[in-house]
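Residue-level listing of the chains:
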Amino acid sequence: MLTVAMPKGRIFEEAVELLRKAGYDLPPEFEDSRRLIIDAPEAGMRFILAKPMDVPTYVEHGVADIGVAGKDTMIEEERDVYEVLDLKISECYMAVAALPTYEKSNDIAPKVASKYPNLAASYFREQGEQVEIIKLNGSIELAPLIGLADRIVDIVSTGSTLRANGLVELEKIVTITSRLIVNPVSYRMKDAIIDEVVERLAAVIEGEEQ
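Model, not experiment: these values are computed from the prediction.

**Q** Explain the sheet that holds strand β1 (residues 2-7) to me, using residue names and the numbers behind them.
**A** Across the sheet, six strands lie side by side as β2-β3-β1-β4-β11-β5; this open sheet has mixed pairing. Among the strands making up the open sheet, the edge pair consists of β2 (37-40) and β5 (82-86). Taking the axes of each pair of neighbouring strands and ignoring which way they run, one obtains an average angle of 25° across the sheet. Note that β1 and strand β4 (residues 66-70) share two bridges and pair parallel. Counted as the bridge partner of V4 is I66 from β4. Sitting on the sheet, helix α1 (residues 10-21) is in contact with β1, β3 (45-50), β4 and β11 (178-182), with an inclination near 140° to β1.

See the structure below:
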């Protein structure tokens with residue numbers, strides 16, 4: 001049985017739909033389960049449901065053979081896993097945002113709040129800008145409103161959350177989609193079954209793009 005680590009929420013729902021289209025028999029009530037480990041013997045899979053940031057960790061350490069993770073998480077976590085397929089689901093992008101009144105100043109190390117400190121630091125380093133990164137775990141949009149940070153780096157889907165909090169997008173950093181990742185040891189031990197999953201999913205993705 002192949003063990004698959006999946007993030008809860010939107011990515012999980014879209015990935016399950018993709019697997020069904022690829023011919024994997026997943027029970028109808030699959031998405032409604034509150035369990036953290038779900039067996040799907042008809043599909044030959046066991047699913048571990050986790051927080052998005054934890055999926056690459058589970059795959060890297062081999063408790064899951066494969067996983068589905070957003071490119072944002074892959075960039076941030078830099079885990080020792082193989083990224084084998086762009087699933088083209090849950091598309092969004094990473095952006096820099098601030099209040100409309102924001103202006104770049106001569107302040108040394110202006111403050112930037114983000115859930116993604118490594119990604120944010122790397123981006124501003126590439127821009128030749130020295131900033132102080134403040135890591136937050138939620139409600140990133142709050143940081144400029146209370147004076148904690150000048151700018152934020154966060155995921156943007158529709159932009160409605162930014163607008164609702166009076167923020168404007170300044171720069172787009174990178175487009176984000178979900179990727180299929182594989183544990184290197186699992187790829188050697190279960191190469192045939194993993195390759196089949198990749199091929200079947202790739203065929204569905206290719207068909208939808210045509």
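There is more to say after this.
**Q** Residue-level account of the packing of aromatic side chains, with values.
**A** Taken as a whole, this structure holds two aromatic pairs when the rule is applied. Aromatic side chains Y123 and F124 sit 5.3 Å apart centroid to centroid with 75° between the ring planes, which places their arrangement in the edge-to-face category. A single burial state applies to Y123 and to F124, both of which are buried. Across from the ring centre of Y24, 3.9 Å away, lies the NZ or CZ of R200, which sits over that ring.

**Q** Kindly report on the sheet that holds strand β8 (residues 132-135), identifying the contributing residues and their values.
**A** Taken together, the five strands give an open sheet; going across it, the order is β8-β7-β9-β6-β10, and neighbouring strands pair in mixed fashion. Since the sheet does not close on itself, it has two edges, and those belong to β8 and β10 (168-176), each with one partner. Each strand of the sheet is rotated relative to its neighbour by a mean of 25°, with strand direction disregarded. Looking at chain direction, strand β6 (residues 92-98) and strand β9 (residues 151-156) are connected through six bridges and run antiparallel. Within β9, the position partnered with A97 by the bridge is I152.

Conventions we followed
Residues numbered from 1 in each chain as written. Predicted model: local features only at pLDDT ≥ 70, side-chain atom pairs only at ≥ 80, totals over all residues. Heavy atoms only, no water. Pairing = 2+ DSSP bridges. Helix = DSSP H or I, 4+ residues; strand = E, 2+ residues; numbered from the N terminus. Axes fitted to C-alpha atoms, helices over the stretch in contact; angles between N-to-C directions. Contact = heavy atoms within 4.5 Å. Phe/Tyr/Trp six-rings, centres within 6.5 Å; stacked < 30°, edge-to-face > 60°. Buried < 20%, exposed > 50% of the residue type's maximum accessible area, 1.4 Å probe, protein only. Lys NZ or Arg CZ within 6 Å of the ring centre and 35° of its normal.

None of this, on its own, says anything about what the molecule does.
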